[in-house]
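Listed below are the residues making up each chain.
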Amino acid sequence: MDITPYVESFDTFLFFASRTFCSPLAIFVQIQGCVICLLLAVGWSLAAYIRIREIWEMEISMQGGNSFAFLSHDIHDLEHSKQEDLPGVTVVMPLKGFGEHNIHNWKTQITSLYGGPLEFLFIVDSTEDPAYHALSNLLIDHEDEIDASIIIAGPSTTCSQKIHNQLVGMKKMSEGSKYVLFLDDDVRLHPGSIGSLIAEMEKNPEIFIQTGYPLDLPSRSLGSYCIYAYHMPCSMGFATGGKTFFLWGGCMMMHADDFRTDKHGIVSQLEDGGYSDDMTLAAIAGAHKRLITSPPFSVFPHPLASDITLSRYWNYLRKQTFVLESYTTYENWIRNRALFYTHCYLSWGFVAPYVMAVFHVVAAIRLKLNEYFLEEHIFDPIGLILAGFLAICTGITLHSMWNMTRIEVELCNMLSPESPTLSLKSYNWFLVFVAMLVDNFFYPISAFCSHFSQSVIWSGIRYYLRRGKIVKIERSQKGRKLSDLAAKRLYVKKRGDQEQEQAQAQAKPSIARHLSKSFRWRLPKKHQM
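Residues numbered from 1 in each chain as written. Predicted model: local features only at pLDDT ≥ 70, side-chain atom pairs only at ≥ 80, totals over all residues. Heavy atoms only, no water.

### Topic: the packing of helix α15 (residues 382-415) against helix α16 (residues 429-453)
Helices that pack against each other are described as a pair by the angle of their axes relative to one another and the distance between those axes.
Right, so step 1: The interhelical angle for the contact between α15 and α16, taken along N-to-C directions, is 115°, at an axis separation of 11 Å. Classified by the interaxial angle, the pair formed by α15 and α16 is roughly perpendicular. Considering how the two elements wind past one another, α15 and α16 form a crossing that is right-handed. Residues Thr394, Thr397, Leu398, Met401, Trp402 and Thr405 of α15 pack against Trp429, Val432, Phe433 and Met436 of α16.
Right, so step 2: Tallied by class, the residues present in the contact of α15 with α16 amount to seven nonpolar, three polar and no charged. (Axes fitted to C-alpha atoms, helices over the stretch in contact; angles between N-to-C directions. Helix = DSSP H or I, 4+ residues; strand = E, 2+ residues; numbered from the N terminus. Parallel < 35°, antiparallel > 145°, perpendicular 65-115°, else oblique. Left-handed = near helix turned anticlockwise from the far one by under 90°. Contact = heavy atoms within 4.5 Å. Nonpolar A, V, L, I, M, F, W, Y, C, P; charged D, E, K, R; others polar.)

So, in structure tokens, the structure goes:
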């Protein structure tokens, strides 16, 4: 079979596409792609500076003889006289399913070295949730050390299950709690995180919500790197060292009285068809000019599941883009639409230049291998020049991304000196680049799917929206068995990882656990179920 006609047709199309991508509009798109890359690099550089300043302050404190700088920069804040006056805190954790990292994550949360009154409320929808049994065994091992309760919330009817669990937890919190901290079960806390957040709230009573952001620890799968690539640009909005307009639902500290009094209608708006807790609260904060802050130390390791497929990544992306379809006010709707179109434009604006660059490079290679093509095809060298500039900008962007991740890894290691050391060696930067292209290509598709479907599946539950609020909820145990990020078993109990981690914990004594026992000023702890 003679393939020469096919090769000639391919070459004709290749050089035609290369010349087309040298038109004024195409040149603009390619230059725009370079600008987007450089803006990402600048954003990550500024964010890295905020994080590294926290590292410098901790190092200065340690050089001054403070061995507990990971708890407080001022060692005098750890004195008994100051610790006994610390305000009470209720930690509310809505749970759904049990995954490979949950046991370790829960341990970092309940072994906090906060010195004031501290209670933990774990909220599940039923005792059939695998998280209930795994958590029960864990809390029994710590029943003499902490004040913890497992609360059965039942199924939600007017809002998402997560919001329902949070609100049930708020009703059960201690009357003496001044602050409430909402955590996701995939958050890996540092020993001093709660105390540091409280210190900021006490320092500035005007703070409405304090938040943070995860540092993704991808596994070897492309799906996990896509999630990392999705989170990294968003992390710029949280590495401000102070005021921000963004809010991450995985870590939110608020004044407990704001919920008791339904200030600004936060409880009623969450109950009335609320889908996303962070988007709803951020909208309320914006409408009432309230302050949201993200302190520089508020970054948390977030290990991703070892088997995240592209299908599970797609489900996660759908859940993330779906939040832009929920809103509480007209102004909130306008803001979400702006984010929707801006993100979609920038995503494809990032990917398009690489598609064009492929045609330029392949055309140049064909021309190099067959010089007689110059007699048959017209090749514009400006395309190859643009591809070269894009390659340089890509290198700068990846370096800035690497530096940002390196600094956050170093900060997390300093904030959790007892935990296993995190390292950049596990990151595959070629997969990071591929994941950036995959994520930005699929984001607009996911966003438009969410917009036109007005429904999404979250942890085995399908939610339907109308006018920005949940109007219908469908549950079926015949659906998906795994969640998106942490390989959680939603309906099937998974005990192997739990028993293994419990055995490792018993074999290796914890310094943090020993310190928490030695803090005599803490109130007596009681385990309830």
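From this point, things continue past the structure.
### Structural notes on the nonpolar core
Right, so step 1: Val91, Trp106, Phe122 and Tyr275 are the most contacted members of the largest nonpolar core, which totals 108 residues.
Right, so step 2: For this core, the leading source of residues is α15, giving twelve residues.
Right, so step 3: Apart from the residues lying within four places of it in its own chain, the contact partners of Val91 are Leu118, Glu119, Phe120, Leu121, Leu181, Leu183 and Ile194.
Right, so step 4: Residues Ile123, Cys159, Ile209 and Ile266 belong to the second largest nonpolar core, which totals 28 residues. (Core = buried A, V, L, I, M, F, W, Y, C linked by side-chain atoms within 4.5 Å. Buried < 20%, exposed > 50% of the residue type's maximum accessible area, 1.4 Å probe, protein only.)

### Here we look at a nonpolar patch on the surface
Right, so step 1: A cluster of nonpolar side chains, namely Leu38, Ile385, Phe389, Ile392 and Ile396, defines an oily patch on the protein surface of about 460 Å² accessible area.
Right, so step 2: Top contributing element to the nonpolar patch by residue count: α15, with four residues.
Right, so step 3: Along the chain, Ile385 turns up in helix α15.
Right, so step 4: For Ile385, a relative accessible area of 48% translates into the label partly exposed. (Patch = residues over 30% accessible without salt bridge, like charges linked within 9 Å, V, L, I, M, F, W, Y side chains within 5 Å. Areas by Shrake-Rupley, 256 points an atom, 1.4 Å probe, with all protein chains shown as cover. Salt bridge = Lys/Arg side-chain N within 4 Å of Asp/Glu carboxyl O.)

### Concerning the environment of Glu331
Right, so step 1: Mapped onto the elements of the fold, Glu331 is located in helix α13 (residues 330-369).
Right, so step 2: When the C-alpha positions of Glu331 and Ala283 are compared, they lie 8.6 Å apart, and in sequence the two are 48 residues distant.

### A short note on helix α4 (residues 102-110)
Structurally, the α-helix is built with 3.6 residues per turn, so residues lying three or four positions apart point the same way.
Right, so step 1: For α4, a buried count of eight out of nine residues is recorded, marking the element as mostly surrounded by other parts of the structure.
Right, so step 2: Every buried residue belonging to α4 is among Asn102, Ile103, Asn105, Trp106, Lys107, Thr108, Gln109 and Ile110, and all of these are buried.

### Things to note about the UniProt feature "transmembrane region" (unreviewed entry) in the protein
Right, so step 1: The sites that UniProt annotates as "transmembrane region" (unreviewed entry) are residues 25-50, 345-365 and 385-405.
Right, so step 2: The span residues 345-365 is 100% helix and 0% strand, and its two end C-alpha atoms sit 31 Å from each other. (UniProt positions renumbered as here; feature names shortened; annotations may be inferred.)

### Brief notes about the pattern of salt bridges
Right, so step 1: Within this structure, the stated rule accounts for 13 salt bridges.
Right, so step 2: The residue Asp272 makes a salt bridge to Lys469 at a minimum N-O spacing of 2.8 Å. Residue Asp272 is located in the loop between α10 (266-271) and α11 (277-287), and its partner Lys469 is located in strand β12 (residues 469-475); the two are separated by 197 residues in the primary sequence.
Right, so step 3: What makes Asp272 partly exposed here is its relative accessible area of 44%.
Right, so step 4: In this structure, Glu474 and Lys472 form a salt bridge, with 3.2 Å as the shortest nitrogen-oxygen distance.
Right, so step 5: A relative accessible area of 32% means that Glu474 is categorised as partly exposed.
Right, so step 6: Relative accessible area serves as the criterion here: at 43%, Lys472 is assigned to the partly exposed category.
Right, so step 7: By sharing partners, the salt bridges in this structure join Lys162, Asp184 and Asp277 into a single network.

### Structural notes on helix α12 (residues 310-322)
Right, so step 1: Compared with the 18 Å implied by 1.5 Å per residue over 13 residues, the 18 Å span of α12 between its first and last C-alpha is a close match.
Right, so step 2: Burial in α12 covers these residues: Arg312, Tyr313, Tyr316, Leu317, Arg318, Lys319, Thr321 and Phe322.
Right, so step 3: Each element contacted by the buried residues of α12 is listed here: α8 (222-235), α16, β10 (455-458) and β11 (461-466). (Expected span 1.5 Å × (residues − 1).)

### Let's talk about the pairing of strand β1 (residues 88-94)
Right, so step 1: Counting buried residues along β1, seven of its seven residues qualify, which places the element largely inside the surrounding structure.
Right, so step 2: What you see with β1 is no split at all: Gly88, Thr90, Val92 and Pro94 on one side and Val89, Val91 and Met93 on the other are buried throughout.
Right, so step 3: In the sheet, β1 pairs with strand β2 (residues 118-124) via six bridges, with the strands oriented parallel. By the bridge assignment for β2, Val91 is matched with Phe120. (Pairing = 2+ DSSP bridges.)

### Structural notes on the pairing of strand β5 (residues 207-211)
Right, so step 1: Within β5, five of the five residues are buried, which leaves it mostly tucked inside the rest of the structure.
Right, so step 2: Summarising the sheet, β5 and strand β8 (residues 291-293) pair through three bridges and their orientation is parallel. Bridge pairing links Ile207 to Leu291 in β8.
Right, so step 3: Here β5 pairs with strand β7 (residues 251-255) via three bridges, running antiparallel. Within the sheet, the bridge partner assigned to Gln210 lies in β7 and is Met253.

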